[in-house]
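Each chain, written out:
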Amino acid sequence: MPQVTEPEEYLFQAYGIFLLENKHPVIKELNHSFSPSVHGHKTWNSSFLIMDYFLHKHLLSPNKTVMELGCGWGPASIFCAENVDCKVTGVDLDNEVFPYLEAQADINKVKVSTLQKSFEKLTQKDLASQELIFGADICFWEQFTDIHFKLIKRAFKAGVKDIVFADPGRQPFYDLVELCEKHFNTEFLEWYSTEPKKFEGYILHVRN
Ligand SMILES: C[S@@+](CC[C@H](N)C(=O)[O-])C[C@H]1O[C@@H](n2cnc3c(N)ncnc32)[C@H](O)[C@@H]1O
């Protein structure tokens, strides 16, 4: 894996972690060999909402087992590992995102386990060891409303305590919020991040 030393161009900091911009030479090099195909081709801003929310609500603690759904390049996973030493698993159906996640984990000197699986295929057994499950910008197609609702049900049956989704405000996300409000202990909040700059969106927090 290419080595990164900072400070340098196309490397930025947010919420205590280093992240790579798409123009960074490491990313350009990875792009020769890998091509994420389900929108996992950059760091999405909803990840910063998750980081800010976790900090404000003190949701993380050392050794806590947490799982990120649709982790992509893994910014929020890396934050959990770096910030308080959580045990993190990043899940994505697209294998091609993991080299980018690993490159970013390396420059932050943290370990994030990865699991190649789709949301639909995550079983109660996969979810049972997790205390907190979260996802940033993973509700962008209509079919995800039902898929995530069922996943939340499976996770609660498996004993997961908290599930947090962050989103810029897409319709399938609002539909998921509505379903959760009918069936679960649900908090729906407007939220904004302050790093690397202000970004506004929404948090869905469902408690078991
Ligand atoms: C918009 S990106 C968000 C990535 C990351 N959470 C972020 O905020 O930077 C959506 C991610 O979800 C993954 N994804 C899409 N459909 C999926 C599915 N059915 N199961 C698991 N992951 C999926 C994609 O591969 C991609 O990495």
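All chains use their own residue numbering, which begins from 1 and follows the written sequence. This being a predicted model, a pLDDT of at least 70 is required before a residue's local features are given, and a value of 80 or more before pairs of side-chain atoms are given or counted; all residues contribute to the totals for chains, interfaces and linings.

Attention now moves to unusual backbone geometry. Cis geometry marks the peptide bond from Glu 195 to Pro 196, where omega comes out at -10°. Numbering of helices and strands runs from the N terminus, with a helix taken as a DSSP run of H or I at least four residues long and a strand as a DSSP run of E at least two residues long. Residue placement: Pro 196 occurs in the loop between β8 (185–193) and β9 (199–207). Its identity is not glycine, yet His 39 carries a phi of approximately 75°, on the positive side. Note on placement: His 39 falls in the loop between α1 (25–33) and α2 (46–57). Buried residues are those with 20 or more other C-beta atoms within 10 Å of their own C-beta, exposed residues have 12 or fewer, and partly exposed residues lie in between; C-beta atoms are placed from the backbone. Judged by C-beta crowding, with 15 C-beta atoms within 10 Å, His 39 ranks as partly exposed. Phi is positive for His 58, which is not a glycine, with a value near 50°. Along the chain, the position of His 58 falls in the loop between α2 and β3 (65–69). A count of 8 C-beta atoms within 10 Å places His 58 in the exposed class.

Looking now at the pairing of strand β2 (residues 17–20). A pair of strands counts as paired when DSSP detects no fewer than two bridges linking them. Relative to β2, strand β1 (residues 11–14) runs antiparallel, the two sharing 4 bridges. Its bridge partner being in β2, Phe 12 is matched across the sheet by Leu 19. Following β1, the chain reverses through 2 residues before pairing antiparallel with β2; Tyr 15 in that reversal takes a positive phi of roughly 50°.

Moving on to the site of the ligand. Within the structure, the ligand sits among 21 residues, and Gly 40, Trp 44, Gly 70, Gly 72 and Ala 136 are positioned closest to it. Its residues assigned to classes, the shell around the ligand comprises 10 nonpolar, 8 polar and 3 charged. Working rule for contacts: place C-beta from the backbone, and if it is within 6 Å of a molecule or strand, that residue counts as near it. Under the convention adopted here, Pro, Cys and the residues Ala, Val, Leu, Ile, Met, Phe, Trp and Tyr are nonpolar, Asp, Glu, Lys and Arg are charged, and Gly plus all remaining residues are polar.

A separate point is the nonpolar core. Judged by nonpolar contacts, the single largest core of 66 residues is most densely connected at Ile 50, Ile 133 and Phe 134. Contact partners of Ile 133, with chain neighbours within four places excluded, come to Met 67, Leu 69, Leu 127, Ala 155, Val 160 and Ile 163. We define a nonpolar core as a collection of buried residues of the types Ala, Val, Leu, Ile, Met, Phe, Trp, Tyr and Cys that are connected via C-beta atoms lying within 7 Å of each other. The contact rule is simple: place each C-beta atom from the backbone, and if two of them lie within 7 Å, those residues are in contact.

A separate point is the environment of Glu 131. The topology assignment puts Glu 131 in the loop between α5 (124–128) and β6 (132–136). Sequence-distant contacts of Glu 131, that is, excluding residues within four places in its chain, are made with Lys 64, Thr 65, Val 66, Val 160 and Lys 161.

This part takes up the packing of helix α6 (residues 143–157) against helix α7 (residues 171–183). Packing of α6 against α7 leaves a shortest axis separation of 8 Å and a crossing angle of 40°. Seen from above, α6 lies across α7 with right-handed handedness. Facing Phe 144, Thr 145, His 148, Phe 149 and Ile 152 of α6, the residues of α7 in contact are Pro 172, Asp 175, Leu 176, Leu 179 and Cys 180. Broken down by class, the residue content of the contact of α6 with α7 amounts to 7 nonpolar, 2 polar and 1 charged. Comment: axis = line fitted to C-alpha atoms, over the contacting stretch for helices; angle = value between 0 and 180 degrees taken between N-to-C directions. Should the near helix be turned anticlockwise from the far one by less than a right angle, the crossing is left-handed, and should it be turned clockwise, the crossing is right-handed.

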